[in-house]
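# A look at the structure
Listed below are the residues making up each chain.
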Amino acid sequence: MNRVVKNQRNLEDGYQLWLRYAPVTDAPTLTAYRTAITQIMINASSATLSIAQEEIEAGLERLLGVTVPLAKQPDRSGTLVIGTPHNNHVIAELKLGQALDQVGDEGFVIVRTVFQGNDYIAIAANTDIGNLYGVFHFLRHLQTHKPLHDLNISSSPKTKLRMLNHWDNLDRTVERGYAGFSLWDWHKLPDYISPQYKDYARANASVGINGTVLTNVNANALILTKQYLVKVAALADLFRPYGIRVFLTARFSAPVEIGKLDTADPLEPDVIAWWQKKADEIYELIPDFGGFLVKANSEGQPGPHDYGRSHSEGANLLADAVAPKGGVVIWRAFVYDENIPDDRAKQAYDDLVPQDGMFRENVLLQVKNGPIDFQPREPYHPLFGAMPKTPLMLEVQITQEYLGCATHLVYLAPLFKETLDADTYCYGPGSLVADVVDGSLDKHVVSGMAGVSNIGTDRNWCGHPFAAANWFAFGRLAWDHRATSEDIAEDWLRMTFTNEDRFVGLAKAMMIESREAAVNYMTPLGLHHIMARDHHYGPGPWVKGGRADWTSIYYHRADSTGIGFDRTPAGSDAVSHYFSPYREQLSSRDTCPEELLLWVHHIPWQYTMKSGRTLWDELCFKYNSGVESVRHMQQTWDSLAEFVDVARFEHVKGLLEIQEKEARWWRDACLLYFQTFSKLPIPPEYEQPAESLKYYQALTHYYVPGIPERRFG
Ligand code: GCW
């Protein structure tokens, strides 16, 4: 009891995320900070600058343990000057013109400079939102105990739209959400505004996220009715000063469902007029409405194909409706159809590439990182580089649908980076996915990245205490895809837990190790889509029957001769969607990266891998090393107890125990199942399965989070 009261850290519950502003206790650092910052000069002439002022005052008070007063004049050394050349004469006089020219509308410059004999720190930007981003950056700098001498930072976002996609339903269930229910309390909106909405906006702004799609891509047309739009407007009003624009998902059949038309055909004049009127109505209520996100003709969603029209015809219908007000349409490339007999991995490319150049200027195509789904590992989506005339957004999944829900510690920055850093070779070597996405390669004026949110009503926002790192990492990479997974993890750890170097070093290594661990105990060597049906919780390599492209056997193709999906020219030829030389590299067993081998090849069980082991033995090795890695993560975490408050320490420890158990479950179930084809023993040096295959196949799970209850029918 004593311990809890004495030690403030024991009161941690994760709600403050990475914005804890824990007091700086290291004496030299504290002295340096207190000397460099003695007063704040800011002219809070807008809602955004008021937020910046509130944030810097509160942040400094907590970090430095003193109240830093506001000043009207920079009359002494240690003045922290915040503003634009237009609203702050000191910023104007500092002549940061050239540096400011380079950071654009959202960027900022932070410098330490001597001017008229005084030593200042300036956070300068061209706009108020640039200032707010600069303030958050500066506070991060202090939170991570970085030095203030020679401060000379220039930063601006690489992509224009940096968005969260909430798969939140109007009944507050969250599709693939594992952290409770939806934050959006539609029943009480617009009258009751939960204070959490502000904290949500603040957290997003702190990492530069500037857009939010409030509703599920499996859309409900009701959100487009007046009754709901006034609720959306209340959220938009609140988010606006944080630089966050609101977007909605548009159900393609809305003109029929809520508009009483008898068609939603995109070429019908009535339908065109309906969407235009709807857009006008929305902009009346939300003048800076961002636009629509659309999932069409995929997994049962309505779309233009229902009327014999193309995706571009569908997208352009909505794009024309929002264009006059500066809105955009984000059309998802996650399109595939069980009635098309071809490899699912090829379908989006085959449908969309011929339409390159047919989309309106205000349409972006949102492409998942891989061509199947958000698997633990996939090659990058071949659409990147293949549609130069269309701005392509990257969509990643922050919520861990296929990576252990909110139970497994899996740090996703390495996964996101793997895609961003991949070479498409579309203009020869060095044409990275990141360069396609940020628009630089094809000179697009719009660009963006979207992350499917992992946020819910759980007190710590994302369920697992480490899951917030993935929200943070998404924001940081959308702002600057050159940031490294290591640096992002390090910042997050320092801000979320402590600046103790021993803790940071070990916890960072654990985070970095975690993604490969998950690949190994779930889907090593290029395996994919072998999870349980529907709720996707746990292994299900035996899943068959029903819609073929939702089964596991469709993807792993295990038989007595071997395992893997042949996507070479001798098979589905999906490799032909990639540019040379990646296409050839994938096509040959010898050059295909082993981590993707079974994604591209059907390989005999006795095939010799680079390690000298047979494929079967390598599979056993990988599954086991995945389990071993989790045990290693457990040991690391246990060794860090002294650095972490009891509540969060125990929470992570408990979840790691579940992760270890589930890693064994994945390993044993998958190896036993694949063994029915390989007919080979699990080498004796590895742990043998605890139960029989029948046992694993008979496991049934009810009410797994992430699926609306009605779907269990
Ligand atoms: O990963 C799959 C999910 C669906 C999701 C779909 C999509 C929103 O299993 O739940 O639907 O992707 O991205 O549209």
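Since the model is a prediction, treat every value here as computed from it, not as a measurement.

A count of helical and extended segments in the chain gives 23 helices and 15 strands. Against the globule reference of 27 Å for 713 residues, the chain gives a C-alpha radius of gyration of 26 Å, in line with a compact fold. For the chain, the C-alpha atoms occupy an extent of roughly 80 × 65 × 50 Å along the three principal directions. Residues classed as buried in the chain amount to 63% of the 713 residues present. Relative to all contacts within the chain whose residues are 6 or more apart in sequence, the contacts with residues 24 or more apart total 72%. Per element, the accessible surface of the chain, about 26500 Å² overall, is 52% carbon and sulfur. Averaging the locations of the 67 positively and 87 negatively charged side chains of the chain gives two centres separated by 3 Å.

What follows is about the pattern of salt bridges. Per the counting criterion, the structure on display carries 46 salt bridges. For the salt bridge of D185 with R172, the shortest nitrogen-to-oxygen distance reads 3.4 Å. Of this pair, D185 sits in the loop between β6 (161–165) and α7 (195–206) while R172 sits in the loop between β6 and α7; the two residues are 13 residues apart in sequence, bridging distant segments of the chain. With its nearest N and O atoms 2.7 Å apart, the salt bridge here joins E687 to R631. Here the residue E687 occupies a position in the loop between α22 (646–678) and α23 (693–698), and R631 occupies one in helix α21 (residues 615–638), the gap between them amounting to 56 residues. By sharing partners, the salt bridges in this structure join E628, R631, E660, R664, R667, D668 and E687 into a single network.

Right, let's talk about the pairing of strand β2 (residues 79–83) for a bit. Taken across its 5 residues, β2 has 5 buried, putting it largely inside the fold. Neither face of β2 is open: one carries T79, V81 and G83, the other L80 and I82, and all of them are buried. Where strand β1 (residues 39–42) lies against β2, 4 bridges are found, and the strand directions are parallel. Residue pairing across strands places I40 opposite L80, the latter belonging to β2. Relative to strand β4 (residues 118–124), β2 runs parallel, the two sharing 5 bridges. From the neighbouring strand, I82 faces β4, where its bridge partner is I123.

Taken together, 15 residues are adjacent to the ligand, and E175, K295, K368, D373 and E401 come closest. Between an oxygen atom of the ligand and a side-chain N or O atom of N218, the distance comes to 3.2 Å. Take K295: an N or O atom from its side chain is 2.6 Å from an oxygen atom of the ligand. Residue composition of the shell around the ligand, by class: 4 nonpolar, 3 polar and 8 charged.

For any part of a model where pLDDT is low, the fine detail of the predicted coordinates should not be relied upon. Model confidence for the chain is summarised by a mean pLDDT of 96, while 98% of its residues fall at 70 or above. In the model, residues 1–9 has pLDDT below 50 throughout and makes 8 contacts with residues more than four positions away in sequence or in other chains.

Attention now moves to the sheet that holds strand β3 (residues 108–115). Strand order in the open sheet formed by 5 strands is β1-β2-β4-β3-β5, and the pairing between neighbours is mixed. The outermost strands of the open sheet, each flanked by one partner alone, are β1 and β5 (152–155). On average, each strand axis in the sheet is inclined to that of its neighbour by 20 degrees, with strand direction left out of account. Relative to β5, β3 is paired through 4 bridges, and the arrangement is antiparallel. Within β5, the position partnered with V111 by the bridge is N152. Strand contacts of helix α6 (residues 128–143): β2, β3, β4 and β5, with the helix running at about 70 degrees to β3, the strand carrying the most contacts.

This brings us to the packing of aromatic side chains. Inspection of every chain in the model, using the stated rule, returns 40 aromatic pairs. For K368, the ring lying beneath its charged end belongs to F334, and the centroid distance is 3.2 Å. In this structure, R459 packs its charged tip against the face of Y15, placed 4.1 Å from the ring centre.

Summarising burial for helix α12 (residues 344–352): 7 of the 9 residues are buried, a large majority. Within α12, burial applies to R344, A345, K346, Q347, A348, Y349 and L352. Taken together, the buried residues of α12 touch α11 (311–322), β11 (363–368), α18 (553–556) and α20 (597–600). With a side-chain oxygen lying 2.9 Å from the backbone nitrogen of A345, the N-terminal cap of α12 falls on D343.

The next thing to look at is the layout of surface pockets. There is about 1100 Å³ of room inside the largest pocket. Lining the largest pocket we find 49 residues, and of these S155, S156, P157, W479 and D480 sit closest to its centre.

Reading the values: rules and limits
Residues numbered from 1 in each chain as written. Predicted model: local features only at pLDDT ≥ 70, side-chain atom pairs only at ≥ 80, totals over all residues. Heavy atoms only, no water. Helix = DSSP H or I, 4+ residues; strand = E, 2+ residues; numbered from the N terminus. Rg over C-alpha atoms; globule rule 2.2 N^0.38 Å. Buried < 20%, exposed > 50% of the residue type's maximum accessible area, 1.4 Å probe, protein only. Contact = heavy atoms within 4.5 Å. Areas by Shrake-Rupley, 256 points an atom, 1.4 Å probe, with all protein chains shown as cover. Lys, Arg positive; Asp, Glu negative; His and termini not counted. Charge placed at Lys NZ, Arg CZ, Asp CG, Glu CD. Salt bridge = Lys/Arg side-chain N within 4 Å of Asp/Glu carboxyl O. Pairing = 2+ DSSP bridges. Near = heavy atom within 4 Å. Polar contact = N/O pair within 3.5 Å; in protein donor to acceptor, adjacent residues only side chain to side chain. Nonpolar A, V, L, I, M, F, W, Y, C, P; charged D, E, K, R; others polar. pLDDT = per-residue confidence, 0-100. Axes fitted to C-alpha atoms, helices over the stretch in contact; angles between N-to-C directions. Phe/Tyr/Trp six-rings, centres within 6.5 Å; stacked < 30°, edge-to-face > 60°. Lys NZ or Arg CZ within 6 Å of the ring centre and 35° of its normal. 1 Å grid on protein atoms, 1.4 Å probe; cavity = no way out; pocket = protein on both sides within 12 Å on 5 of 7 lines; lining within 4 Å. Points joined across faces, edges and corners; volume = space filled by probe spheres on them.

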